[in-house]
Amino acid sequence: LAPYLDPAAIGIVGGGTLIATVLRTQLGDLGRAVTALPVLLRRPFRADPLLDQIAALGRIAARHGVMTLDRSVIADADVSVAIAAIVDGADAEAVHAIVRQARQARIERHLAAAEVWASAAEVAPAMGMVGTLIGLVKMFVSMNDPSAIGAAMAVALLATLYGALIASLIAMPIAARLRRQARIEAFERLRIETPLAAIALRELPRHRDQPPLRER
């Protein structure tokens, strides 16, 4: 593999792709794009554990009252926000809106991370062409020095190769897999809206029957 490794071409294509991607992207999205990489090693998101937990919370609320849910330990942020709203007396429609908004915000964050990698895939071939042009210019300038022509030609050819590899084998596959994971999670999280709204619908009459607090 030694003939295919050239520090100058790597610096031009890799560095140029990184700089161009940073300039085109907000810092928050850049951070999400990096932190999203471990997601690729996990299994697709499934809502079954959340549905089991919501069912258990519903049984607790039916036996001991909805106020006891305020002490429950809920790891998932969307379910936690919905349960907090139910404890505060939100109706089923409001819970639907809260969960739907949280799901949509999560989708937007996932898609923003995928767009960062798609942007890198778009930029990398252009940076490869820039490296090729730089290598050709260096080659023409060094026509009187035969020993320098080979190095310049290597930069010109390998830069195009690096740009194609970064786009086709790294950035675009990552973007595609992140989009797929986002679609799966969006569909799975849609399943938790109705059970959470059902708890709110069942508990709403209890909230209405409670006497108003007396002013001191």
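Quick caveat: nothing in here was measured; it's all calculated off a predicted structure. (Residues numbered from 1 in each chain as written. Predicted model: local features only at pLDDT ≥ 70, side-chain atom pairs only at ≥ 80, totals over all residues. Heavy atoms only, no water.)

**Side note on the pattern of salt bridges**
Oppositely charged side chains can form a pair if their charged atoms are brought close together. Applicable threshold: Salt bridge, as applied in this entry: a Lys or Arg side-chain nitrogen positioned within 4 Å of an Asp or Glu carboxyl oxygen. Comment: elements are numbered from the N terminus, with helices defined as DSSP H or I runs of at least four residues and strands as E runs of at least two. Throughout this description, buried means an accessible area under 20% of the type-specific maximum (1.4 Å probe, protein chains only), exposed means over 50%, and partly exposed covers the range between.
Under the definition given, this model contains 13 salt bridges. Among the salt bridges present, the one from Arg24 reaches Glu122, with a minimum N-O distance of 3.3 Å. With Arg24 in helix H1 (residues 7–24) and Glu122 in helix H5 (residues 92–141), this residue pair connects regions lying 98 residues apart in the sequence. By relative accessible area, Glu122 is classed as exposed at 53%. Where salt bridges share partners, they join Asp76, Asp78, Arg106, Glu185 and Arg189 into one cluster.

**Some points on the nonpolar core**
Condition: The nonpolar core is taken to be a set of buried Ala, Val, Leu, Ile, Met, Phe, Trp, Tyr and Cys residues, with the residues joined through side-chain atoms within 4.5 Å. A contact between two residues is defined here by any heavy atoms of the two lying within 4.5 Å.
Among the nonpolar cores identified, the biggest contains 22 residues, and Leu69, Val79, Ile83, Ile86, Val95, Ile192 and Leu196 are the most heavily contacted of them. Secondary structure elements with two or more residues in this core: helix H3 (48–64), helix H4 (77–87), H5 and helix H7 (193–209). With six residues, the top contributor of residues to this core is H4. Beyond its immediate chain neighbours, meaning those up to four positions away, Ile192 contacts Ala47, Leu50, Leu51, Ile54, Val79 and Val99. Residues Leu30, Leu40, Trp117 and Ala121 belong to the second largest nonpolar core, which totals 17 residues.

**Details of the packing of H4 against H5**
Formally: Where helices are involved, their axes are fitted lines through C-alpha atoms of the stretch in contact, as for all axes, and angles between N-to-C directions lie from 0 to 180°. Between 65 and 115 degrees an angle is taken as roughly perpendicular, under 35 as roughly parallel, over 145 as roughly antiparallel, and anywhere else as oblique. Crossing handedness: left-handed means the near helix sits turned counterclockwise from the far one by under a right angle, and right-handed means the same turn made clockwise.
The interhelical angle for the contact between H4 and H5, taken along N-to-C directions, is 160°, at an axis separation of 9 Å. When the axes of H4 and H5 are compared, the pair comes out roughly antiparallel. By crossing handedness, the relation of H4 to H5 is classed as right-handed. Every residue of H5 that contacts H4 at Ala77, Asp78, Val81, Ala82, Ala85 and Ile86 is listed here: Val95, Ile98, Val99, Ala102, Arg103 and Arg106.

**Comments concerning the confidence of the model for the protein**
What counts here: Residue-level confidence of the predictor is what pLDDT reports, using numbers from 0 through 100.
Of all residues in the protein, 94% have pLDDT values of 70 or greater, and the mean over the chain is 88. Segment residues 209–216: pLDDT under 50, and zero contacts once partners within four positions in sequence are set aside and those in other chains are kept.

**Quick notes on the side chain of Thr25**
Note the cut-off: For the purposes of these results, a polar contact is taken to be a pair of N or O atoms within 3.5 Å, where, inside protein, one atom must be able to donate a hydrogen and its partner to accept one; residues adjacent in sequence count only when each atom of the pair is a side-chain atom.
Of note, Thr25 is situated in the loop between H1 and helix H2 (27–35). Here Thr25 falls in the buried class, since its relative accessible area comes to 15%. From its side chain, Thr25 meets the backbone oxygen of Thr21 in a polar contact 2.8 Å long. Excluding anything up to four places from it in sequence, Thr25 contacts Leu30 and Val116.

**With respect to a nonpolar patch on the surface**
Filter applied, for reference: Only residues whose relative accessible area exceeds 30% and that take part in no salt bridge are eligible for patches, with like-charged residues grouped when within 9 Å of each other and nonpolar side chains (Val, Leu, Ile, Met, Phe, Trp, Tyr) grouped when within 5 Å. Throughout, the Shrake-Rupley method with a 1.4 Å probe supplies accessible areas, and for residues the shown protein chains are the sole cover considered.
A surface patch of nonpolar side chains, about 840 Å² in accessible area, is lined by Leu1, Tyr4, Leu5, Ile10, Leu161, Leu165, Leu169 and Ile170. The dominant element in the nonpolar patch, judged by the number of residues it contributes, is helix H6 (residues 146–189), at four residues. Structurally, Leu165 can be placed in helix H6.

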